[in-house]
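Read off the chains here:
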Amino acid sequence: MDGTTLRAWAPSLGASVPTQDPRCYANDPSLRKNPKLRQPHEMVGSLKFLGAFLRNRKQVGAVLPSSPLLAKAMVRALGDIEPGKLIIELGPGTGAFTKRIVDAYPNNPIMMVEFTESFVPPLQARFPQTTVVNGCASELSKHISDHGYTVDQVGGLISGLPLLSMPQQLRDGVWNSIAEILPANSLYIQFTYSKRAWRKFQIPHMDLEPTKRVLLNVPPAVVLPFRRRAG
Ligand SMILES: C[S@@+](CC[C@H](N)C(=O)[O-])C[C@H]1O[C@@H](n2cnc3c(N)ncnc32)[C@H](O)[C@@H]1O
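Residues numbered from 1 in each chain as written. Predicted model: local features only at pLDDT ≥ 70, side-chain atom pairs only at ≥ 80, totals over all residues.

### Focus on the pairing of strand β2 (residues 110-114)
For step 1, the next point in the chain: By the criterion of burial, β2 is predominantly enclosed, with four of the five residues buried.
For step 2, the next point in the chain: Pairing geometry for strand β1 (residues 86-90) and β2, over four bridges, is parallel. Residue pairing for β2: L90 is matched across the bridge by V113.
For step 3, the next point in the chain: Where the polypeptide runs from β1 across helix α5 (residues 98-104) and back to β2, its parallel neighbour, the crossover connection is right-handed.
For step 4, the next point in the chain: By the bridge criterion, four bridges tie β2 to strand β3 (residues 131-134) in an arrangement that is parallel. Paired with M111 across the strands is T131, a residue of β3.
For step 5, the next point in the chain: In this fold, the crossover linking β2 to β3 by way of helix α6 (residues 120-126) has right-handed handedness. (Buried ≥ 20, exposed ≤ 12 C-beta atoms within 10 Å, placed from the backbone. Helix = DSSP H or I, 4+ residues; strand = E, 2+ residues; numbered from the N terminus. Pairing = 2+ DSSP bridges. Right-handed = clockwise from strand over helix to strand, strands pointing away.)

### Examining the nonpolar core
For step 1, the next point in the chain: M74, I88 and I178 are the most contacted members of the largest nonpolar core, which totals 49 residues.
For step 2, the next point in the chain: It is helix α4 (residues 68-78) that provides the largest number of residues to this core, a total of seven residues.
For step 3, the next point in the chain: Among residues more than four places away in sequence, those in contact with M74 are F97, I158, I189, F191 and V223. (Core = buried A, V, L, I, M, F, W, Y, C linked by C-beta atoms within 7 Å. Contact = placed C-beta atoms within 7 Å.)

### Topic: the confidence of the model for the protein chain
For step 1, the next point in the chain: Averaged over the protein chain, the pLDDT score is 81; the fraction of residues at 70 or greater is 74%.
For step 2, the next point in the chain: Note on residues 1-20: pLDDT under 50 across the span, and 44 contacts to partners over four residues away in sequence or across chains.
For step 3, the next point in the chain: Contacts for the low-pLDDT stretch residues 31-53, under 50 throughout, to residues beyond four places or in other chains number 42 contacts. (pLDDT = per-residue confidence, 0-100.)

### Focus on unusual backbone geometry
For step 1, the next point in the chain: Note that the residue after V218, namely P219, is joined by a cis bond; omega there is -10 degrees.
For step 2, the next point in the chain: For P219, the position within the fold is in the loop between β7 (212-214) and β8 (221-228).
For step 3, the next point in the chain: For N185, which is not glycine, the phi dihedral falls at a positive 75 degrees.
For step 4, the next point in the chain: Taking the C-beta count within 10 Å as the criterion, N185 has 9 such neighbours and is therefore assigned exposed.

### Some words on the pairing of strand β4 (residues 154-159)
For step 1, the next point in the chain: Counting buried positions over the six residues of β4 gives six, a clear majority of the element.
For step 2, the next point in the chain: In this sheet, β4 lies alongside β1 in parallel orientation, the contact comprising five bridges. By the bridge assignment, I88 is partnered in β4 with L157.
For step 3, the next point in the chain: Alignment of β4 against strand β5 (residues 187-192), held across four bridges, turns out to be parallel. Bridge pairing in β5 links I158 to I189.

What follows is the structure, given as structure tokens:
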């Protein structure tokens, strides 16, 4: 983790997010227990609140951006994608995976969907060749058509979303949205800090392929490659 990345990430702890999408957290009653945590990411703007963030990981799901080694493993898991096919990244944050995606797939359009508004302008400035959507990952078909792509174009998807800490309704919405746009046999690559926690889920229309553990990440992570079933 380099200092620049950490500095870029830290202000996000206090970033406010758009709340107009009811499927993106706004209706989650658990966020209303503490008025300071009413909205996701609306936590605090300085490191002195880092402790509060650590106790309430639900909204962001991580303290630090992913390591270069996790980024490498995630992008490698995506494998070969036909030139011209659309690659979608969910929850790019400060772009820990994006640089690798852009470098590995120079002949593919890339669309990112990021809910935290403050991440969007820096991502778009750093990766001008990509499309950065400020929106919710549960509305992928809408984002695809709103930005001039078609679902037929989708070639693969990488997610940094904190799915385990999301409200169940939103998590299910994200998975249904992914299943809706991902063609049969294409890959959805997710990482997790707890492979065990994922055993209780049935991801709609997905089969889990062999996973890869990445120890050099804070915390250590596991890459979960899911392949879209036909039908
Ligand atoms: C754990 S961070 C991962 C960031 C980056 N991919 C990495 O690995 O360092 C999760 C990211 O998902 C974003 N996010 C959370 N919920 C989202 C949603 N419903 N739709 C889109 N992005 C979301 C957060 O704003 C945050 O940037």
